[in-house]
Amino acid sequence: MVETLRARDIMSGGVQCVGAHQSLFDVAKMMRDLNVGCLPICGDNNKLTGLITDRDIVVKCCAEGIDPATVQAGSLKAKVHWIDAEADAGDVLTTMEEHQIKRLPVIDVQGGHRLVGMITEANLAKNLSDEQIAEFASRVYASAGTSSRSTD
């Protein structure tokens, strides 16, 4: 019997959240220190409320001439899509393809709805077949220039 690959098998664990009230300046420093381009935003209850990307900071703040030290991370959050840690790899791909997203938070629904990891394109490349990756890329990038995405 072949074991089904689950979201928790694909994800990178140990994801750190930024608080909704943290400044974008602090978020940018955290991204630099962690060498990541995206961080989950957690509310006061430590539950996932959104994602923020380095691109969000640049385009929605810096390019507008706004001081990132004066903007709270929570003010830039967009709708966030996530996946249950027990979902299978097919569901991961379907979710990322349908919403044309490159980063997907993983939530342990049975364990108190906690954020336990993040799935990125790099995680997919390490864990899925070349055929699955090619299909994912064609679906996410084929119309990416013509649609709006909620997260990068």
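The preceding data block contains the structure.
Residues numbered from 1 in each chain as written. Predicted model: local features only at pLDDT ≥ 70, side-chain atom pairs only at ≥ 80, totals over all residues. Heavy atoms only, no water.

A. Layout of the state of the cysteines. The full count for this structure, using the stated rule, is 1 disulfide. Note on cysteine connectivity: Cys 17 is disulfide-linked to Cys 42, with sulfurs 2.1 Å apart. Taken together, the residues span a long stretch of sequence, with Cys 17 in the loop between β1 (12-13) and β2 (18-19) and Cys 42 in strand β3 (residues 38-42) at a distance of 25 residues. The exposure class of Cys 17 is partly exposed, given its relative accessible area of 27%. (Disulfide = S-S within 2.5 Å. Helix = DSSP H or I, 4+ residues; strand = E, 2+ residues; numbered from the N terminus. Buried < 20%, exposed > 50% of the residue type's maximum accessible area, 1.4 Å probe, protein only.)

B. The arrangement of unusual backbone geometry in detail. Positioned with a positive phi, Gln 100 is a non-glycine residue whose angle comes to about 45°. Positionally, Gln 100 belongs in the loop between α4 (89-98) and β6 (103-108). The buried category is assigned to Gln 100, whose relative accessible area is 9%. Positive phi, normally seen in glycine, also occurs at His 113, with a value near 60°. Positionally, His 113 belongs in the loop between β6 and β7 (114-120). Overall, the relative accessible area of 34% leaves His 113 in the partly exposed class.

C. Representation of the environment of Glu 98 in the model. Structurally, the position occupied by Glu 98 is in helix α4. Using a relative accessible area of 59% as the deciding quantity, one classes Glu 98 as exposed. Measuring from C-alpha to C-alpha, the distance between Glu 98 and Ser 12 comes to 21 Å, with 86 residues separating the pair along the chain.

D. Quick look at the sheet that holds β1. Spatially, the 4 strands line up as an open sheet ordered β1-β7-β6-β5, and their pairing is mixed. Edge positions in the sheet fall to β1 and β5 (83-84), since each has one partner strand and no second. Judged from the 2 bridges that link them, β1 and β7 form a sheet pairing that is antiparallel. Paired with Ser 12 across the strands is Met 118, a residue of β7. This element, α4, spans β5, β6 and β7 of the sheet and lies at about 135° to β6. (Pairing = 2+ DSSP bridges. Contact = heavy atoms within 4.5 Å. Axes fitted to C-alpha atoms, helices over the stretch in contact; angles between N-to-C directions.)

Shape is all these values report; function is a separate question.
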